[in-house]
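# Structure assessment
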Amino acid sequence: MLTAKLVSTDSELYQIAALSNANLSTNISAETKAREGFVSWVYTPTILKTLQAIAPSVIVMDGDQLAGYAITLTPECLPAYPPANETYVNACTLIHNGRPLGEQRFYIMGQICVAEPWRGKGLVEILYRGHRQFYRPHFDLLLTEISTANPRSLKAHQKVGFQVIDTHHDSAGHWDVVLWDWTASPAN
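Small disclaimer: the values here were computed from a predicted structure and weren't measured.

### Description of the environment of Q111
- Here Q111 is to be found in strand β6 (residues 106–114).
- Relative accessible area serves as the criterion here: at 6%, Q111 is assigned to the buried category.
- When the C-alpha atoms of Q111 and L19 are compared, they prove to be 11 Å apart, with 92 residues separating the residues in sequence.
- A distance of 2.7 Å separates polar atoms of two side chains, one belonging to Q111 and the other to Y69.

### With respect to the sheet that holds strand β8 (residues 163–170)
- Strand order in the open sheet formed by seven strands is β1-β2-β3-β6-β7-β9-β8, and the pairing between neighbours is mixed. The open sheet has two edge strands with one neighbour each: β1 (4–6) and β8. Neighbouring strand axes in the sheet, compared pairwise and without regard to direction, differ in orientation by 30° on average.
- Two strands pair when backbone bridges link them, and β1 and strand β2 (residues 58–62) are joined in this way by three bridges, in the antiparallel orientation.

### Here we look at the packing of helix α1 (residues 10–22) against helix α3 (residues 45–54)
- Two elements in contact, α1 and α3, have axes separated by 9 Å at closest approach and are oriented at 125°. Put simply, α1 runs oblique to α3. As for the relative orientation of α1 and α3, their crossing is right-handed in sense. Residues D10, L13, Y14, I16 and A17 of α1 touch α3, and the partners they reach there are P45, L48, K49 and Q52.
- Of the residues belonging to the contact of α1 with α3, the class tally is six nonpolar, one polar and two charged.

Calculation rules
- Residues numbered from 1 in each chain as written.
- Predicted model: local features only at pLDDT ≥ 70, side-chain atom pairs only at ≥ 80, totals over all residues.
- Heavy atoms only, no water.
- Helix = DSSP H or I, 4+ residues; strand = E, 2+ residues; numbered from the N terminus.
- Buried < 20%, exposed > 50% of the residue type's maximum accessible area, 1.4 Å probe, protein only.
- Polar contact = N/O pair within 3.5 Å; in protein donor to acceptor, adjacent residues only side chain to side chain.
- Pairing = 2+ DSSP bridges.
- Axes fitted to C-alpha atoms, helices over the stretch in contact; angles between N-to-C directions.
- Parallel < 35°, antiparallel > 145°, perpendicular 65-115°, else oblique.
- Left-handed = near helix turned anticlockwise from the far one by under 90°.
- Contact = heavy atoms within 4.5 Å.
- Nonpolar A, V, L, I, M, F, W, Y, C, P; charged D, E, K, R; others polar.

Here is the structure:
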């Protein structure tokens, strides 16, 4: 049975970096992007080690092989990963439940990716339930941005419980901002 856990070894970090690079939008064909989805941010082993020391990411392993990952980017991670700053600053201004997100306990899911052999097997849900399990004591909300050119990802996030709260454009493209409110979600 596949279950979520926190990253704990250098081998896992190297596997995350390799899977991320293999699915980077600049490294795959337009056909693959449309069919399978893609990731946008670059994560090197060095960056991942730094982030791991601050807030470990959630992964699913099948034996010694990485089946999927979901990068944790708490506010404390932002100095170590500058590409997330614009997302975080924009998110802080958005209103949820009548208050700016900047006044609420939220963090960013920095990227999610499932390796091809495990796609369509519920790993997105397993990864996100892991995030809730490990980070719910400290946060009430999980936020991420999804390229509007990646409908497969949006559909997977909505299936878990994320809701689109904003759409915006920046230098990297058009984005749906999605939020999972753990205070409103049933504990499964």
